[in-house]
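This is what each chain is made of:
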Amino acid sequence: MAMDNKTVRDAIQVHGTNPQFLIEKILRTRIYESTYWKESCFGLTESSIIEKAYELTSIGGQYGAQKPTEFICLVLKLLQLQPREEIVIKYITGLTENDNNKYLRALGAFYLRLVGKPVDIYKTLEPFLVDGRKLRKRGNNGYSIIHMDEFIDELLREERISLSLSVKIKVEIQVGIELAVRISIKISQSLTRTAQTTRPHTFEIAV
């Protein structure tokens with residue numbers, strides 16, 4: 001089982017470190033020692049992990065006596081596997097037009113927030129601020145309800161999300177996302193001004 005705690009051999013460093021190290025060591029250790037990790041995460045691939053995501057009934061990091069949730073176990077597994085970018089996008093946008101499981105979307109979005117480039121994070125996640133589906137969130141005080149758009153907004157705006165990341169990584173990601181938002185707004189404003197200046201003359205009729 002210890003072999004299944006290692007990152008894939010050809011993994012690329014993320015933010016200058018082993019992808020798994022984006023989760024604090026103490027939490028990683030708890031995940032490795034958890035029953036769910038040992039019984040359900042062994043041998044998963046970027047494809048077979050989808051089935052496990054479909055079985056999720058909540059999101060969250062830890063609960064009770066600092067026990068790792070199934071959600072965070074799957075996040076760590078993704079960090080190990082480092083799935084292809086197009087696969088991660090499928091997790092988030094949906095496998096098909098009618099198959100966009102909310103917990104798979106949440107899993108993919110969380111993973112992208114950890115490893116993605118700021119501009120890619122914003123461009124990929126921003127469209128889902130209109131997803132109002134309910135998610136159950138498991139924490140130390142039990143379960144609560146959060147909506148997908150709230151979860152996505154948290155990923156885009158908050159420095160701390162359900163995990164504890166290093167301060168350096170948190171600040172770099174947050175600043176980068178804010179820059180991406182400003183760039184997007186400026187581009188939108190520029191396109192609007194261009195459209196206004198090139199718009200053909202029309203007569204306005206008051207009604």
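Preceding block: the structure.
Presented here is a report on the structure given in the accompanying data block. (Residues numbered from 1 in each chain as written. Predicted model: local features only at pLDDT ≥ 70, side-chain atom pairs only at ≥ 80, totals over all residues. Heavy atoms only, no water.)

**Some points on the overall build of the protein**
Step number 1: Scanning the protein from terminus to terminus reveals nine helices and four strands.
Step number 2: Along the protein, helices (α) and strands (β) appear in the sequence α-α-α-β-β-α-α-α-α-β-β-α-α when read from the amino end.
Step number 3: In the protein, which comprises 207 residues, the proportion classed as buried is 41%.
Step number 4: Relative to all contacts within the protein whose residues are 6 or more apart in sequence, the contacts with residues 24 or more apart total 68%.
Step number 5: Summing over all exposed atoms, the protein offers an accessible surface of approximately 12,200 Å²; the carbon and sulfur share of this is 53%. (Helix = DSSP H or I, 4+ residues; strand = E, 2+ residues; numbered from the N terminus. Buried < 20%, exposed > 50% of the residue type's maximum accessible area, 1.4 Å probe, protein only. Contact = heavy atoms within 4.5 Å. Areas by Shrake-Rupley, 256 points an atom, 1.4 Å probe, with all protein chains shown as cover.)

**Quick look at the pattern of salt bridges**
Step number 1: One pass over the full model with this rule turns up six salt bridges.
Step number 2: When the shortest N-O distance is used, the salt bridge between Asp131 and Arg105 registers 2.7 Å. Of the two residues, Asp131 sits in the loop between helix H7 (118-125) and strand S3 (134-139) while Arg105 sits in helix H6 (residues 102-115), which places them 26 residues apart along the sequence. With respect to class, Asp131 is no different from Arg105; both count as buried.
Step number 3: For the salt bridge of Arg133 with Asp131, the shortest nitrogen-to-oxygen distance reads 2.9 Å.
Step number 4: Overall, Asp131 belongs to the buried group, its relative accessible area being 8%.
Step number 5: Overlapping salt bridges, with partners in common, bring together Glu46, Arg84 and Glu86 in one network. (Salt bridge = Lys/Arg side-chain N within 4 Å of Asp/Glu carboxyl O.)

**Quick word on the packing of helix H1 (residues 25-33) against helix H4 (residues 70-81)**
Step number 1: Between H1 and H4, whose axes approach to 10 Å, the crossing angle comes to 100 degrees. Considering the angle they form, H1 stands roughly perpendicular to H4. On H4, the residues that touch Leu27, Arg28, Ile31 and Tyr32 of H1 are Ile72, Cys73, Leu76 and Gln80.
Step number 2: Of the residues that constitute the contact of H1 with H4, the class distribution is six nonpolar, one polar and one charged. (Axes fitted to C-alpha atoms, helices over the stretch in contact; angles between N-to-C directions. Parallel < 35°, antiparallel > 145°, perpendicular 65-115°, else oblique. Nonpolar A, V, L, I, M, F, W, Y, C, P; charged D, E, K, R; others polar.)

**Comments concerning the packing of aromatic side chains**
Step number 1: Applying the stated criterion to the full structure yields two aromatic pairs.
Step number 2: Taken together, a centroid distance of 5.7 Å and an interplanar angle of 85 degrees make the contact between Phe71 and Phe110 edge-to-face. A residue pair is termed long-range when its members are at least 10 positions apart, and Phe71 in helix H4 and Phe110 in helix H6 qualify at 39 residues. The burial state of Phe71 is the same as that of Phe110; both residues are buried.
Step number 3: One residue, Arg136, lies across the ring of Tyr143, its end atom 4.0 Å from the ring centre. (Phe/Tyr/Trp six-rings, centres within 6.5 Å; stacked < 30°, edge-to-face > 60°. Lys NZ or Arg CZ within 6 Å of the ring centre and 35° of its normal.)

**Here's the deal with the environment of Asn18**
Step number 1: Residue placement: Asn18 occurs in the segment before H1.
Step number 2: Only 3.0 Å separates the side chain of Asn18 from the backbone nitrogen of Gln20, close enough to count as a polar contact. (Polar contact = N/O pair within 3.5 Å; in protein donor to acceptor, adjacent residues only side chain to side chain.)

**Concerning the pairing of S3**
Step number 1: In this sheet, strand S4 (residues 142-147) lies alongside S3 in antiparallel orientation, the contact comprising six bridges. Pairing of Lys134 across the sheet is with His147, part of S4.
Step number 2: Hairpin connection, S3 to S4: the antiparallel pair is bridged by two residues. (Pairing = 2+ DSSP bridges.)

**Quick word on the layout of surface pockets**
Step number 1: Of the voids in this model, the second largest pocket is the one considered here, and its volume is about 230 Å³.
Step number 2: Looking at the lining of the second largest pocket, the elements that each hand over two or more residues are helix H2 (35-40), strand S2 (67-68) and H4.
Step number 3: The greatest single-element share of the lining of the second largest pocket, amounting to three residues, is contributed by H4. (1 Å grid on protein atoms, 1.4 Å probe; cavity = no way out; pocket = protein on both sides within 12 Å on 5 of 7 lines; lining within 4 Å. Points joined across faces, edges and corners; volume = space filled by probe spheres on them.)

**Brief notes about the nonpolar core**
Step number 1: Grouped together as the largest cluster of nonpolar side chains are 47 residues, with contacts concentrated most on Phe71, Val75, Leu125 and Phe151.
Step number 2: Sorting the residues of this core by element identifies H1, H2, helix H3 (49-54), H4, helix H5 (85-93), H6, H7 and helix H8 (148-157) as the ones contributing at least two each.
Step number 3: The residues touching Phe71, leaving out its near neighbours within four places in the chain, are Leu56, Ser58, Ile59, Gly60, Ala106, Leu107, Phe110 and Phe151. (Core = buried A, V, L, I, M, F, W, Y, C linked by side-chain atoms within 4.5 Å.)

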